[in-house]
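Per-entry structural report
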Amino acid sequence: ENWTEYFQRLQLGGQEFDSGMYRLNGVEVGHIQHIPIAYPTQTQQMKQRKLAVKTISMEPLVFEIPDFLTSSECKVIIDKSKAAGLSESMTMNDVTDRYDPDERPESNPQGPVQVEEMSDDEKEDFFMHYDQNRDDVMTVNEFGRLLRTHDDTAMNTDDLTHMMKVLNLDSDGDGSISLEEFVAVRINPVNEYLKKFKQANPQSKRRISDQTWMSPGEGAIQNV
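Fair warning: this is a prediction, and the values are worked out from it, not measured in the lab.

The rules behind these values
- Residue indices begin from 1 for each chain and proceed along its sequence in written order.
- Per-residue local features of the predicted model are confined to residues with pLDDT of at least 70, and side-chain atom pairs are confined, for both listing and counting, to 80 or more; whole-chain, interface and lining totals are unaffected and use all residues.
- The basis for every side-chain value is the complete set of non-hydrogen atoms in the structure, without hydrogens or water.
- A helix here means a DSSP run of H or I that spans at least four residues, while a strand means a run of E at least two residues long, and both kinds are numbered starting from the N terminus.
- Each residue is assigned to one of three classes by its accessible area relative to the maximum for its type, calculated with a 1.4 Å probe on protein chains only: buried under 20%, partly exposed between the two thresholds, exposed over 50%.
- By definition in these notes, contact holds between two residues if any of their heavy atoms fall within 4.5 Å.
- Accessible areas in this description were obtained via Shrake-Rupley with a 1.4 Å probe; residue shielding takes into account the shown protein chains only.
- Here, axes are lines fitted to C-alpha atoms. For helices the fit covers the stretch in contact, and angles between N-to-C directions go from 0 to 180 degrees.
- Roughly parallel means an angle under 35 degrees; roughly antiparallel, over 145; roughly perpendicular, 65 to 115; everything else is oblique.
- For any pair of crossing helices, the crossing counts as left-handed if the nearer helix is rotated counterclockwise from the farther one by less than a right angle, and right-handed if it is rotated clockwise.
- Note that Gly is not counted as nonpolar here; it falls among the polar residues with everything else outside the nonpolar set of Ala, Val, Leu, Ile, Met, Phe, Trp, Tyr, Cys and Pro and the charged set of Asp, Glu, Lys and Arg.
- The criterion for an aromatic pair is that two Phe, Tyr or Trp rings (for Trp, the six-membered ring) have centres within 6.5 Å, with stacked assigned to planes under 30 degrees apart, edge-to-face to planes over 60 apart and tilted to the rest.
- For two strands to be treated as a pair, DSSP must find at least two bridges joining them.
- It is the directions from the helix axis to the C-beta atoms that the arc portrays.

**Observations concerning the overall build of the protein chain**
A count of helical and extended segments in the protein chain gives eight helices and nine strands. The proportion of buried residues among the 224 residues of the protein chain is 27%. Pairs at least 24 residues apart make up 52% of the contacts formed inside the protein chain by residues separated by at least 6 positions. Here the protein chain displays about 15,400 Å² of accessible surface, and carbon together with sulfur accounts for 50% of that area.

**Brief notes about the packing of helix 4 (residues 120–130) against helix 5 (residues 140–151)**
Between helix 4 and helix 5, whose axes approach to 9 Å, the crossing angle comes to 110°. Between helix 4 and helix 5, the interaxial angle falls into the category roughly perpendicular. Crossing geometry of helix 4 relative to helix 5 is assigned as right-handed. For the pair formed by helix 4 and helix 5, the contact residues are F126, H129 and Y130 on the first element and E142, R145, L146, T149 and H150 on the second. The residue makeup of the contact of helix 4 with helix 5, split by class, is three nonpolar, three polar and two charged.

**Observations concerning the environment of L147**
Relative to the helices and strands, L147 resides in helix 5. The class for L147 is buried, based on a relative accessible area of 4%. For the pair L147 and L160, spaced 13 residues apart in sequence, the C-alpha to C-alpha distance is 9.6 Å. If we ignore the near neighbours within four places in the chain, the residues touching L147 are D152, T153, M155, L160, M163 and L194.

**Points about the packing of aromatic side chains**
Tallied over the full model, the rule gives three aromatic pairs. Between F126 and F182, the aromatic rings sit 6.5 Å apart at their centres with planes inclined by 20°, giving stacked as the arrangement. Residue F126 is located in helix 4, and its partner F182 is located in helix 7 (residues 179–183); the two are separated by 56 residues in the primary sequence. Judged by its relative accessible area of 22%, F126 falls in the partly exposed class. On the accessibility criterion, F182 (11% relative accessible area) is buried. Connected via pairs of aromatic rings, a cluster forms that spans F126, F127, Y130 and F182.

**Some details on the pairing of strand 4 (residues 46–57)**
The two faces of the sheet receive side chains in turn, since in a regular strand these alternate between them. In the sheet, strand 4 pairs with strand 5 (residues 62–64) via three bridges, with the strands oriented antiparallel. Counted as the bridge partner of K54 is E64 from strand 5. Between the end of strand 4 and the start of strand 5, which pair antiparallel, lie four residues.

**What about helix 6 (residues 157–166)?**
When helix 6 is considered as a whole, its buried residues turn out to be L160, M163 and M164. The arc that holds every buried residue of helix 6, seen down its axis, measures 100°, which confines them to one face. Turned more than 90 degrees away from the buried face of helix 6 sit D158 and K165, all of them exposed. Elements in contact with the buried residues of helix 6: helix 5, strand 8 (177–178) and helix 8 (187–200). A positive phi of about 55° marks N168, the residue just after helix 6.

So, to be careful, I would describe these as geometric facts and stop short of saying anything about function.
Structural data, given as structure tokens:
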């Protein structure tokens, strides 16, 4: 039988699985149910094993599945990932990570990669978006929100205040960044500071891992 026929007849928890989305009944916290899964062998024959699915929360509905992947399956994934090459995992287009100061472009072999500066009008629009109370100053909290949103960097108040002082973002020392001060900011020194900060404080990033993209391989089920 093929996969469609298999899933059409597969019964999970007493309900027919018709190849659509199925939502397990958690029953209660601590409940364990054994769910059969099927997987293809190298000869494309289907084998079946059961997974123990434990309910650990009802609202929201959360399950724990110990040994979801076998040791041999994990080894295959790890080996293929290493062979494909790993790169830093990011949650967005992080300018600080995409531009490495150690890289040397052919057009400028002596200097670091530079990020194109924003125009004054672009900076003003940027400032107004994050000046939530429209008082024409960016508070430490508003500046922190900007960094979390656009650079994937979470800093506490002391870190933010120190950055503002080191980069002279708060030139008058009043504890906030005015529109004039923000427009005067140069982008590359800010990016260099943030890159070094994240290297020294990896916990400031929302994701600390490496990733790779792999093809499921010839004959694999593409949506699994």
